[in-house]
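# Observations on the three-dimensional arrangement
One letter stands for each residue in the lines below.
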Amino acid sequence: MSVLNTFSLKGKIALVTGGAGLYGRQIVEALAEAGAKTFIASRGIEALEAVAQKLRDRGYDVTAMHLDLSLDASIEKVHDDIIKKCGTCDILVNNAVTRSAHDGWAHDLDAYDISLHVNASALFKITYLFAQNMKAQKSGSIINISSMMGIVGVEMDNYLGTDMMPDPSPIYFFEKGGMINFTRWAASVLGPENVRVNCLSPGGYEAGQPAPFIANYSARTQLGRMANDTDLKGAIIFLASDASAYITGTNIPVDGGYTAK
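Notes on the structure follow. (Residues numbered from 1 in each chain as written. Predicted model: local features only at pLDDT ≥ 70, side-chain atom pairs only at ≥ 80, totals over all residues. Heavy atoms only, no water.)

### Observations concerning the nonpolar core
Under the convention used in this document: Side-chain atoms within 4.5 Å link the members of a nonpolar core, which is a set of buried Ala, Val, Leu, Ile, Met, Phe, Trp, Tyr and Cys residues. Partly exposed residues are those whose accessible area sits between 20% and 50% of the maximum for their type, while under 20% is buried and over 50% is exposed, using a 1.4 Å probe and protein chains only. Secondary structure elements are taken from DSSP: a helix is a run of H or I of four residues or more, a strand is a run of E of two residues or more, and numbering for both begins at the N terminus. Whether two residues are in contact is decided by their heavy atoms: any pair within 4.5 Å suffices.
Core analysis: the biggest nonpolar cluster contains 32 residues, and L31, I40, L200 and I236 have the highest contact counts within it. Elements with a minimum of two residues in this core: β1 (13-17), α1 (22-33), α2 (45-57), β3 (62-66), β4 (91-94), β5 (140-145) and α7 (233-240). Counting residues per element, this core draws most heavily on α1, which supplies six residues. Once residues within four sequence positions are removed from consideration, L200 is found in contact with I143, N144, I145, S146, S147, L232, A235, I236, L239, N251, I252 and V254.

In structure tokens, the structure reads:
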């Protein structure tokens, strides 16, 4: 097999949780373009269906599914439906995230628990379910989508000159940092069955923020810019494919060098 062929996902089955967001769309597009039969799942089924239809119009095999990560039954249904339809799942991308208790630090326990229920507990469950099928076939790639905010603290100077000055909450930083170490843990547990678990930590995506924020943030990177709508695609295919067959338990920042400064 030539090295370029190791990046192909032809014949592979992939599930991406989320998939309609800024990074989710390019994750789904990359998997489909590489040849994978791709399922995308979240609560926002209409937005997902729009993404899926655009890719189907280009000739790719993409199916939208409803998934509520706050409910055991919904997670189990998505798992069961994919396995019944395809017999297996080769690639799981844990991309979905819920936003709760993000406005500051002064929250009741229930507000934090809503976020942790989906962004931690549901992550454990869906990964476990699909990992059992991957273990049975002695192969599989699980990719967790963390964030550079799971590696560093908040940089308040990025907001200078704007009216965006935030009241930081610890929850997103806590969850994304925990996802990186969960990746290491899961890689240790699943490695003997040839199931690989890796993590990507994207940086900030340019999406119409005020010019001072874009300038401040870009200066904090080594490449001098924020992320665009293709920057995550190559890294996703690398980790999903046999090109990274001897890589597991790692976290790759895709942040233009933000966390390297």
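Still more to cover.
### Section: a nonpolar patch on the surface
Test applied: Excluding any residue in a salt bridge, patches collect residues exceeding 30% relative accessible area, merging like charges within 9 Å and nonpolar Val, Leu, Ile, Met, Phe, Trp and Tyr side chains within 5 Å. Computed with the Shrake-Rupley method and a 1.4 Å probe, the accessible areas treat only the protein chains shown as cover for residues. Throughout this description, the term salt bridge denotes a Lys or Arg side-chain nitrogen within 4 Å of a carboxyl oxygen of Asp or Glu.
On the surface, V3, L4 and F7 cluster together into a nonpolar patch covering about 310 Å² of accessible area. Mapped onto the elements, V3 comes out in the segment before β1. Exposure remark for V3: the relative accessible area of 59% places this residue in the exposed category.

### Remarks on the side chain of N198
We count it as follows: Within 3.5 Å is the distance limit for a polar contact, defined as a pair of N or O atoms, with the added protein rule that one can donate a hydrogen and the other accept it, and that residues adjacent in sequence qualify only through two side-chain atoms.
Counting through the fold element by element, N198 comes out in strand β6 (residues 195-202). For N198, the side chain forms a polar contact with the main-chain nitrogen of G249, separated by 3.2 Å. Here N198 is in contact with I142, I143, N144, T183, L239, I247, T248, G249 and T250, once residues within four sequence places are set aside.

### A look at the sheet that holds strand β7 (residues 251-254)
The criterion, for reference: In this scheme, strands are said to pair when DSSP sees at least two bridges between them. Lines fitted to C-alpha atoms define the axes, with helix axes restricted to the stretch in contact, and inter-axis angles between N-to-C directions lie between 0 and 180 degrees.
Overall, parallel pairing links the seven strands, which are arranged β3-β2-β1-β4-β5-β6-β7 in an open sheet. Both outer strands of the open sheet, β3 and β7, are each paired with one neighbouring strand and no more. Pairwise comparison of adjacent strand axes, ignoring direction, gives a mean angle of 20° for this sheet. In terms of strand pairing, strand β2 (residues 37-42) meets β3 through five bridges, oriented parallel. Looking at the pairing, S42 lines up with H66 of β3. Set on the sheet, α2 makes contact with β2 and β3; between it and β3 the angle comes to about 170°. Relative to the sheet, helix α5 (residues 171-190) contacts β4, β5, β6 and β7, its axis offset from that of β6 by approximately 165°.

### Section: α1
Here is the rule: Here the expected length of a helix is defined as 1.5 Å per residue gap, with one fewer gap than residues.
An ideal rise of 1.5 Å per residue puts 16 Å on 12 residues; α1 measures up with 17 Å between its terminal C-alpha atoms. Inspection of α1 places Y23, G24, Q26, I27, V28, A30, L31 and A32 among the buried residues, and these make up the whole buried set. Positioned one or two residues after α1, G35 has a phi angle of 110°, which is positive.

### Observations regarding unusual backbone geometry
Positive phi, close to 60°, is recorded for K138, a residue that is not glycine. Looking at K138, the relative accessible area reads 47%, which means it is partly exposed. Despite not being glycine, N194 has its phi angle at roughly 65°, a positive value. Relative to the assigned elements, N194 resides in the loop between α5 and β6.

### Details of the packing of helix α4 (residues 109-137) against α5
The condition is simple: Any angle that falls under 35 degrees is termed roughly parallel, while one over 145 is termed roughly antiparallel, one within 65 to 115 roughly perpendicular, and all others oblique. Handedness of a crossing is defined here by the sense of rotation of the near helix relative to the far one, left-handed for an anticlockwise turn of less than a right angle and right-handed for a clockwise turn. In this classification, Asp, Glu, Lys and Arg are treated as charged, Ala, Val, Leu, Ile, Met, Phe, Trp, Tyr, Cys and Pro as nonpolar, and every other residue, Gly included, as polar.
Running from N to C, α4 and α5 point in directions that differ by 20°, and their axes come no closer than 11 Å. Taken together, α4 and α5 sit at an angle that is classed as roughly parallel. Both α4 and α5 take part in a crossing whose hand is right-handed. Here Y112, S115, L116, N119, L123, F124, T127, A131 and K135 of α4 come into contact with α5, specifically with I171, F174, E175, M179, F182 and L190. Across the contact of α4 with α5, the residue classes break down as 10 nonpolar, three polar and two charged.

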